[in-house]
Amino acid sequence: MTKVVVENLWKVYGDQTVLENINFEVAPGSFISLVGPSGCGKSTFLRMMLGDEAPTRGRILIDGEVLEDEPSPDRGVVFQKYSVFPHLTALQNVMLGLELAQSPILGRLFGRRRRAARAASLEMLKSVGLSHAVNKYPAELSGGMQQRLAIAQALIKKPKILLLDEPFGALDPGIRAEVHEIMLRLWREEKMTIFMVTHDLSEAFKLGTRVIAFDRVRTRPEEMKAYGATVTFDLKVDGKSIPPQAPGAAPLAAAAQ
Amino acid sequence: MRRLINRRPDIATRFGLMLLPFVIALVAYMVASEARLSVNPNDKLLPGWSSISAAIDRMAFQPDQRTGNYLLWTDTMSSLQRLGIGVAVATLIGGIFGILQGLIPHARATLSAFTGVLSMIPPLALLPILFIVFGLGELSKVVLVAIGIAPFIIRDLALRTEAIPHEEIIKAQTLGASTWQIILRVVVPQMLPRLIDAVRLSLGAAWLFLIAAEAIASDSGLGYRIFLMRRYLAMDVILPYVMWITFLAFALDLVLRLFQRVAFRWMYRGNGA
Ligand SMILES: Nc1ncnc2c1ncn2[C@@H]1O[C@H](COP(=O)(O)OP(=O)(O)OP(=O)(O)O)[C@@H](O)[C@H]1O
Ligand SMILES: [Mg+2]
């Protein structure tokens, strides 16, 4: 269970202020939906959460500690595109995280440890409904399958925080609903804190326990450069419990060990 | 009538069209050769088929009177050996430095201006220096081939490494990868097929440097032979040698392409990553 605190966060590129004065606290186990118009800085915020970009001012605390300034396994990510490795099969993509952790020099496992990693990865692929495609390369998977693969790949590391940047934007409504169910189930099982950027308000409210909107307050053309976007509304979604209840045991936790 | 850009030849037509320019070139040669030989039977410029085939037989299938070697094969072996070693060395250097320059900011800061300048040096201008430093033996020729193409391979690979989506590099880090592991599991496997492309593109230049080096100082090799034969205006030897070199270059390119297809299946699967 991870608590995230965003304190007085600013991001300025050159003379362009993108984000200003962002403040909020996130209860452990929340599912935060981030919405806002295109170009308001949602992806920029996620990049700062990842440690890929440094805040210009302010800071982000994770469980009371200032966030590490480079990406690390405690913060998983699924991008809209390029989230999986094209040269690895689905199974290899998921196994990669386990192999990297256990084999610093070769980045590959052999024998018993390889079989264990393989079994855990197959279990994870099953939980996102990709059992039939374990030996396919990403280019052979549909968009929805690729995103589910990216989710499986990120979750095998058991990140404390999962960052999703418009992960389901390219999916058709049927597949999207299916992936939503998978996402909600994994979130309950893994007790992660999730930040999801989306342009789809119904998705934001359906999945999120809280919806946060970024937007510019000052929109006159001459003000566009000097003022960035900030939190313009912040809404708890009724009827959702935080932290989420985990129904039964967590099979994934067992599988990944 | 459909537009020309929308009309596609069927298989038979395609095959015929493919052969057409070759046939035209051959016929043009034969006609011109015939015409010259009928005026002067001793003309050396455009030898007829009989003297060419006699020359092929002499070079490829009869031992040389002086050395007892089958010249075409010994020439081919020494040229391919020089080319192979030079290209292999350039590939190794290009792969290592290209990936470092493309991936690691400190390496890029150190190397990119330097390799940029290196690649502007005309390699043939270095040939005298190489002969002075490494002597007239094998080493200077191999080094010329390697120096000639390595800067191109480095720069090409650096650009392609930089073009790996930033998301992939971030993703690898969130999976816990160290810099070394990123190189080993993410960058190298994706760059190997690109490296083969870079080598294929530089093979033409590699042959150029090889033949130039052999022409100037050597005692065997395909380049050595054609420049030696030039003194005797022996077109009947030079022409088949040129065709043989062309064939070797074509075959090498084909082998590399097939190897890439077999070894890197992921590149050719699905809708093409
Ligand atoms: N590396 C950068 N250098 C300069 N400006 C940048 C950089 N990255 C982003 N920006 C600017 O920051 C602003 C916010 O970009 P960002 O990608 O965060 O928007 P977004 O909210 O994710 O938009 P979308 O919904 O379209 O994805 C944009 O105006 C963009 O031009
Ligand atoms: Mg974005």
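Bear in mind the structure is a predicted one, so any value in this text is a computation, not a measurement. (Residues numbered from 1 in each chain as written. Chains lettered and ligands numbered in written order. Predicted model: local features only at pLDDT ≥ 70, side-chain atom pairs only at ≥ 80, totals over all residues. Heavy atoms only, no water.)

Some words on the site of ligand 1
All names here are of chain A. We count it as follows: Residues are labelled near a given molecule or strand when at least one of their non-hydrogen atoms is within 4 Å of it. Within 3.5 Å is the distance limit for a polar contact, defined as a pair of N or O atoms, with the added protein rule that one can donate a hydrogen and the other accept it, and that residues adjacent in sequence qualify only through two side-chain atoms. Helix and strand labels come from DSSP, where a helix needs a run of H or I of at least four residues and a strand needs a run of E of at least two; each type is numbered from the N terminus. Polarity classes work like this: nonpolar for Ala, Val, Leu, Ile, Met, Phe, Trp, Tyr, Cys and Pro, charged for Asp, Glu, Lys and Arg, and polar for all others, with Gly in that last group.
Around ligand 1, the neighbouring residues are Tyr13, Val18, Ser38, Gly39, Cys40, Gly41, Lys42, Ser43, Thr44, Arg47, Glu166 and His199. Within the backbone of Cys40, a nitrogen or oxygen atom sits 3.2 Å from an oxygen atom of ligand 1. At a separation of 2.8 Å, an oxygen atom of ligand 1 approaches a polar side-chain atom of His199. Examining the composition of the shell around ligand 1, we find that four residues originate from one element, helix α1 (residues 42-50), more than from any other. Partitioning the shell around ligand 1 into residue classes produces three nonpolar, six polar and three charged.

Focus on a nonpolar patch on the surface
Residue and element names in this part refer to chain B. Worth spelling out the cut-off: Within the patch definition used here, like charges are joined within 9 Å and nonpolar side chains (Val, Leu, Ile, Met, Phe, Trp, Tyr) within 5 Å, considering only residues with over 30% relative accessible area and no salt bridge. Method for areas: the Shrake-Rupley scheme with a 1.4 Å probe, in which residue coverage is limited to the protein chains shown. What makes a salt bridge here is a side-chain nitrogen of Lys or Arg within 4 Å of a carboxyl oxygen of Asp or Glu, nothing more. Buried means the residue's accessible area, taken with a 1.4 Å probe over protein chains only, is under 20% of the maximum for its type, while exposed means over 50%, and partly exposed covers the values in between.
Residues Phe15, Met18, Leu19, Phe22, Val23, Val27 and Val31 make up a contiguous nonpolar surface patch of about 690 Å² in total accessible area. Along the chain, the position of Met18 falls in helix α1 (residues 11-39). Judged by relative accessible area, which is 47%, Met18 ranks as partly exposed.

Describing the packing of aromatic side chains
Each pair of aromatic rings is reported with the distance of its centres and the angle of its planes. All names here are of chain A. The test is simple: Centre distance within 6.5 Å is the pairing criterion for rings of Phe, Tyr and Trp, where only the six-membered ring of Trp is used; planes under 30 degrees apart are then read as stacked, over 60 as edge-to-face, and the remainder as tilted. Charge-over-ring contacts are defined here by two conditions on Lys NZ or Arg CZ: a distance within 6 Å of the ring centre and an angle within 35 degrees of the ring normal.
Here the structure, examined in full by the defined rule, presents seven aromatic pairs over all chains. Each ring, one from Phe45 and one from Phe214, has its centre 5.6 Å from the other, and the planes form 85°; the classification is edge-to-face. On the criterion of sequence distance, the pair formed by Phe45 in helix α1 and Phe214 in strand β9 (residues 210-216) is long-range, its members being 169 residues apart. Both residues of the pair, Phe45 and Phe214, count as buried. Through a chain of ring-to-ring contacts, three or more aromatic side chains come together here, namely Phe24, Phe45, Phe195 and Phe214. The aromatic ring of Trp10 is capped on one face by Arg57, whose charged end is 4.2 Å from the ring centroid. Above the plane of the ring of Tyr227 lies Arg218, whose end atom (NZ or CZ) is 4.2 Å from the centre.

Focus on the confidence of the model for chain B
For the record, the criterion: pLDDT expresses how confident the predictor is about each individual residue, on a scale running from 0 to 100.
Per-chain confidence: chain B averages 93 in pLDDT, with 99% of residues scoring 70 or above. Among the scores for the predicted complex, ipTM is 0.88 and pTM is 0.87.

Section: the nonpolar core
Short version of the rule: By convention a nonpolar core is built from buried Ala, Val, Leu, Ile, Met, Phe, Trp, Tyr and Cys residues, the set being connected through side-chain atoms within 4.5 Å. Should any heavy atoms of two residues lie within 4.5 Å, those residues are considered in contact.
Within the largest apolar cluster, 55 residues are counted, with the highest numbers of intra-cluster contacts made by B:Val87, B:Ile182, B:Val187, B:Trp207 and B:Tyr241. Those residues in contact with B:Trp207 that lie beyond four places of it in its chain are B:Leu80, B:Leu83, B:Leu222, B:Ile245, B:Leu248, B:Ala249 and B:Leu252. Core analysis: the second largest hydrophobic core is formed by 40 residues, A:Leu130, A:Ile156, A:Leu164 and A:Met196 among them.

Side note on helix α3 (residues 111-127) of chain A
All names here are of chain A. As a reminder, the rule being used: Residue count minus one, scaled by 1.5 Å, sets the expected span of a helix. Arc definition: directions from the helix axis to the C-beta atoms.
In a regular helix each residue adds 1.5 Å, so 17 residues correspond to 24 Å; α3 covers 25 Å between its end C-alpha atoms and thus fits that length. Ala117, Ala120, Ser121, Met124, Leu125 and Ser127 are the residues of α3 that are buried. Buried residues of α3 fall within an arc of 155° about the axis and therefore sit on the same side. Among the exposed residues of α3, those oriented more than 90 degrees off its buried face are Arg112, Arg115 and Lys126. Gly129 sits one or two residues past α3 and shows a positive phi near 75°.

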